[in-house]
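# Chain and residue survey
Below are the chains, spelled out letter by letter.
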Amino acid sequence: MAFCPSPSSSSSSNSSSSSSSPFESSNSAKFWILHGIMAGVAVATAVGARAYWTRVKKFRNRVVGIIPARFASTRFQGKPLVEILGKPMIQRTWERAKLAATLDQVVVATDDEKIAECCRKFGADVVMTSESCRNGTERCSEALEKLGKNYDIVVNIQGDEPLIEPEIIDGIVKALQATPDAVFSTAVTSLKPEDALDPNRVKCVVDNCGYAIYFSRGLIPFNKSGKVNQQFPYLLHLGIQSYDTKFLKIYPDLQPTPLQLEEDLEQLKVLENGYKMKVIKVNHEAHGVDIPEDVQKIESLMRERNLS
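Residues numbered from 1 in each chain as written. Predicted model: local features only at pLDDT ≥ 70, side-chain atom pairs only at ≥ 80, totals over all residues. Heavy atoms only, no water.

### What to know about the pattern of salt bridges
Test applied: We define a salt bridge as a side-chain nitrogen of Lys or Arg found within 4 Å of a carboxyl oxygen belonging to Asp or Glu. Segments assigned H or I by DSSP are reported as helices when at least four residues long, segments assigned E as strands when at least two residues long, and all are numbered from the N terminus. With a 1.4 Å probe rolled over the protein chains alone, any residue whose accessible area is under 20% of its type maximum counts as buried; one over 50% counts as exposed, and the rest are partly exposed.
By the definition in use, this model includes 13 salt bridges. Note that Lys79 is salt-bridged to Asp160, the shortest N-O span being 3.0 Å. Note that Lys79 is positioned in the loop between strand 1 (63-69) and strand 2 (83-84) and Asp160 in the loop between strand 6 (153-156) and helix 6 (166-177), a separation of 81 residues in sequence. Between Asp111 and Arg139 there is a salt bridge; the shortest N-O distance is 3.6 Å. With Asp111 in the loop between strand 4 (105-110) and helix 4 (113-121) and Arg139 in helix 5 (residues 136-147), this pair connects stretches of sequence that are 28 residues apart. Arg139 matches Asp111 in its accessibility class, with the two residues each being buried.

### Re helix 10 (residues 293-304)
Note the following rule: Think of it as the arc spanned by the lines of direction from the helix axis to the C-beta atoms. Any two residues having at least one pair of non-hydrogen atoms within 4.5 Å are treated as being in contact.
Three or more residues of helix 10 are buried, namely Asp294, Val295, Ile298, Glu299, Leu301 and Met302. The buried residues of helix 10 all sit within an arc of 160° when viewed along its axis, so they share a single face. Opposite the buried face of helix 10, at more than 90 degrees from it, the exposed residues are Glu293, Gln296, Lys297, Arg303 and Glu304. Where helix 10 is buried, its residues contact strand 2 and helix 3 (89-97).

### Examining the side chain of Asp152
In plain terms, the rule: Here a polar contact means two N or O atoms within 3.5 Å. Within protein one must be a hydrogen donor candidate and the other an acceptor candidate, and residues neighboring in sequence count only if both atoms are side-chain atoms.
Residue placement: Asp152 occurs in the loop between helix 5 and strand 6. Separated by 3.2 Å, the side chain of Asp152 and the backbone nitrogen of Asn61 make a polar contact. Polar side-chain contacts of Asp152 include one of 2.7 Å to the side chain of Arg62. With near-sequence residues (within four places) excluded, Asp152 lies in contact with Arg60, Asn61, Arg62, Tyr243, Asp244 and Thr245.

### Remarks on the side chain of Arg96
Considering the arrangement of structural elements, one finds Arg96 in helix 3. Residue classification places Arg96 among the buried positions, given a relative accessible area of 19%. Engagement of the side chain of Arg96 in a polar contact is seen with the backbone oxygen of Ile164, the distance being 3.1 Å. Those residues in contact with Arg96, other than ones at most four positions away along the chain, are Pro162, Leu163, Ile164, Glu165 and Pro166.

### Points about the pairing of strand 11 (residues 277-281)
Test applied: Whether two strands pair comes down to DSSP finding at least two bridges between them.
Most of strand 11 is tucked away: four of the five residues are buried. Here strand 7 (residues 184-190) pairs with strand 11 via five bridges, running parallel. Among the inter-strand pairings, Phe184 is bridged to a residue of strand 11, identified as Met277.

### Considerations on the environment of Gln296
With respect to the secondary-structure elements, Gln296 resides in helix 10. Taking the C-alpha atoms as reference, Gln296 lies 8.3 Å from Ile84; in sequence the two are 212 residues apart.

### Observations regarding the pairing of strand 5 (residues 125-128)
In this sheet, strand 5 lies alongside strand 4 in parallel orientation, the contact comprising four bridges. Across the sheet, residue Ala109 finds its bridge partner in strand 5, namely Val127.

### Quick word on the environment of His287
Relative to the assigned elements, His287 resides in the loop between strand 11 and helix 10. Spatially, the C-alpha atom of His287 lies 7.9 Å from that of Pro162, the residues being 125 residues apart in sequence. Not counting residues within four places of it along the chain, the set of residues in contact with His287 comprises Asp160, Glu161, Pro162, Leu163, Ile298, Leu301 and Arg305.

### Examining the confidence of the model for the protein chain
For the record, the criterion: In predicted models, pLDDT denotes the confidence assigned by the predictor to each residue on a 0 to 100 scale.
Averaged over all residues, the pLDDT of the protein chain equals 84, while 80% of them reach at least 70. Below pLDDT 50 for its whole length, residues 1-25 participates in six contacts with residues either more than four positions away or in separate chains. Low pLDDT (under 50) marks residues 45-57, which in the prediction has zero contacts with non-local residues, meaning those over four places away or in another chain.

### Some words on the nonpolar core
Applicable threshold: Think of a nonpolar core as a cluster: buried Ala, Val, Leu, Ile, Met, Phe, Trp, Tyr and Cys residues, connected wherever their side-chain atoms sit within 4.5 Å.
In this structure, Val155, Ile169 and Ile240 are the most contacted members of the largest nonpolar core, which totals 32 residues. Those elements that place two or more of their residues in this core are strand 1, helix 3, strand 4, helix 4, strand 6, helix 6 and strand 10 (235-244). Looking at this core element by element, the count peaks at six residues for helix 6. Core analysis: the second largest hydrophobic core is formed by 30 residues, Leu144, Leu147, Val183 and Ala212 among them.

### What about unusual backbone geometry?
The amide bond that connects Ile220 to the next residue, Pro221, takes the cis arrangement and shows omega of -5°. Along the polypeptide, Pro221 turns up in the loop between strand 9 (212-216) and strand 10. Despite not being glycine, Leu85 shows a phi value in the positive range, around 50°. Counting through the fold element by element, Leu85 comes out in the loop between strand 2 and strand 3 (87-88). Relative accessible area serves as the criterion here: at 27%, Leu85 is assigned to the partly exposed category.

Shown next as structure tokens:
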């Protein structure tokens, strides 16, 4: 920063030059040099901060939510179309997803015309996918390709979670946006001790930085007693997950991995291939529909919460 003395200060300086010591002049020069450096640093910091936040704002900012839905299911045939308080479950899930602030579009991806027709009736965008998709992630990948739009993040929203919180969708999107070294993000919540041995309740362990270490249908971590530790904070994996689209495009080409096949968990293929997965913990009562008996439980909860 340049210093331009006014005429009065210049004359004053000239008149007192005979009485000013070299030490005082030296201190004055040091002051203005230091002042200039500090001002320059402040300007550079402001410019740098603005540039940083501009990059952050634009990083992975185009987001689509995809709800994979298939009619065939070994445990619950036609599950997406089952009615929950008068509406198909797939519609309940779609309506909840539409409330998320981070999603630019919400799409249903299905291989079944009955599901597609149902979704079109209540106003959803539908993408038809092949029957050969082995899991929801592969269905999301195919749907993204058929959409033909430049999205940065795809959120895989489980169609059997009709009470999914929009804030959780926003949370995993923001987690992936804030973690450039991760290609995948997901959410966990506290696991109830009574669900600890249920293989339909997938458990997760994470490291100190919030990255996933492992997922399992068995109890993890396990202990020497072989019993559930009532005091340990076990984590339950929620099915919702988001992907960087560049990774999602190559996911179907990754060969199935031993742990993935043994546990029948698609997340493990991500970890086994060395990719990072960011995990957020949320306060959420997981109420998925796995079997027909779960429908009545969901309806009771909705009545309690006055959700129509």
